[in-house]
Amino acid sequence: MWWPLCGDRPPLRLVVRVPVWFTSSPPPTWWQLCVITKDPQREFKDKLAAESVRAKVIGISKLKKKYVPFEAKRQLRAQYDIFVADQRVLPMLPPLLGKSFFKARKLPVAINLTKKNLRAELEKTVGGSFYRRSKGTSNAFKVGISSQSQQMLVENVVAAVEQVVELTPKKWSNILNLHLRALNSVALPFYSSLPAAQ
């Protein structure tokens, strides 16, 4: 499900019924994850490795020192599919990552790295979808992938819409249209309402 997405607000995680990235099997081999942590990064790198989680781990101090030039930030952004960050360092990241992350819609999503089962926490975090309420009047977010069944996609659309409505000021009275579309398809409307009378 897509709306045109813009804005620079941190993404909110949506819990979809059927995970977008994780199903009953491990993540696909092409899937690349980057985890940004508080220092020392070695502590979290060892914890993730102990739980057989394949991910690039970058501590906040390393991010400040190594990824200062624009080209370094661009390469970091392009190298990974999803970024997650320790919720304790998340507020520090916008100026450190720069505008390229905002424009590419790759802002890190908050994760609680104090949990004992980090693999389960990662699966819960990145297995959903991410909704970023824009400064404008339209938004877009992913609720499924083409390999999922029709029933899975329907369940995800319903779950996502319910949550987005709760996050929207004035709820349904502030939503005029909902559309579904694939990456290269036209937008197909499945909900429409008239603006409320002033």
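Quick notes on the rules
- Residues numbered from 1 in each chain as written.
- Predicted model: local features only at pLDDT ≥ 70, side-chain atom pairs only at ≥ 80, totals over all residues.
- Heavy atoms only, no water.
- Helix = DSSP H or I, 4+ residues; strand = E, 2+ residues; numbered from the N terminus.
- Contact = heavy atoms within 4.5 Å.
- Core = buried A, V, L, I, M, F, W, Y, C linked by side-chain atoms within 4.5 Å.
- Buried < 20%, exposed > 50% of the residue type's maximum accessible area, 1.4 Å probe, protein only.
- Salt bridge = Lys/Arg side-chain N within 4 Å of Asp/Glu carboxyl O.
- Pairing = 2+ DSSP bridges.
- pLDDT = per-residue confidence, 0-100.
- Phe/Tyr/Trp six-rings, centres within 6.5 Å; stacked < 30°, edge-to-face > 60°.

**Q** Please provide a residue-by-residue account of the side chain of Asp-86, values included.
**A** Looking at the element boundaries, Asp-86 is found in strand S4 (residues 82-86). If sequence neighbours within four positions are ignored, Asp-86 has contacts with Ile-36, Thr-37, Lys-38, Phe-44, Ile-111 and Leu-113.

**Q** Just give me the short version of the nonpolar core, but keep the residues and values in it.
**A** A general trend in soluble globular proteins is that nonpolar side chains are found buried together. Grouped together as the largest cluster of nonpolar side chains are 15 residues, with contacts concentrated most on Cys-34, Ile-36, Leu-63, Leu-76 and Leu-93. Where this core is concerned, the elements lending two or more residues are strand S2 (33-37), helix H2 (60-66), helix H3 (70-79), S4 and helix H4 (93-97). Apart from the residues lying within four places of it in its own chain, the contact partners of Cys-34 are Lys-56, Ile-58, Leu-76, Tyr-80, Ile-82, Phe-83 and Val-84. Core analysis: the second largest hydrophobic core is formed by 13 residues, Phe-44, Ile-82, Leu-113 and Leu-122 among them.

**Q** With reference to specific residues and values, describe the pattern of salt bridges.
**A** Summed over all chains, the structure comprises four salt bridges. The closest approach of N and O atoms between Glu-43 and Lys-47, which form a salt bridge, is 3.2 Å. One end of the pair is Glu-43 and the other is Lys-47, both in helix H1 (residues 41-50) and four residues apart, which spans about a single turn. The partner of Asp-86 in a salt bridge is Arg-88, and the shortest N-O contact between them spans 2.6 Å. Residue classification places Asp-86 among the buried residues on the basis of a relative accessible area of 0%. Classification of Arg-88 as partly exposed rests on a relative accessible area of 42%.

**Q** Can you break down the side chain of Ser-100 residue by residue, with the values?
**A** You can see Ser-100 is positioned in helix H5 (residues 99-103). In this structure Ser-100 comes out as buried when scored by relative accessible area, which is 10%. Every residue in contact with Ser-100, bar those within four places of it in the chain, is listed here: Phe-70 and Arg-77.

**Q** Kindly report on the pairing of strand S8 (residues 188-192), identifying the contributing residues and their values.
**A** Little of S8 sits out of view: just zero of its five residues are buried. Bridging between strand S7 (residues 177-180) and S8 involves four bridges; their strand directions are antiparallel. Looking at the pairing, His-179 lines up with Pro-189 of S8.

**Q** Requested: an account of the confidence of the model for the chain, with residues and values cited.
**A** As a note on interpretation, predicted positions should not be read in detail where pLDDT is low. Averaged over every residue, the pLDDT of the chain is 78; residues scoring 70 or more account for 82%. For residues 1-10, every residue scores under 50 in pLDDT, and the model assigns this stretch 46 contacts once sequence neighbours within four places are set aside. Here residues 21-29 scores under 50 on pLDDT; set against residues more than four positions off or in separate chains, the count is 17 contacts.

**Q** Provide a residue-level description of the packing of aromatic side chains, including the pertinent values.
**A** Considering all chains together, one arrives at three aromatic pairs under this definition. With a centroid separation of 5.9 Å and 80 degrees between ring planes, the pair formed by Tyr-80 and Phe-83 is classed as edge-to-face. For the pair formed by Tyr-80 and Phe-83, the shared burial category is buried. For the pair Phe-83 and Phe-101, a centre-to-centre distance of 5.1 Å together with 75 degrees between the ring planes defines the contact as edge-to-face. Here Phe-83 is found in strand S4, whereas its partner Phe-101 is found in helix H5, with 18 residues between them in sequence. Residue classification places Phe-101 among the buried residues on the basis of a relative accessible area of 0%.

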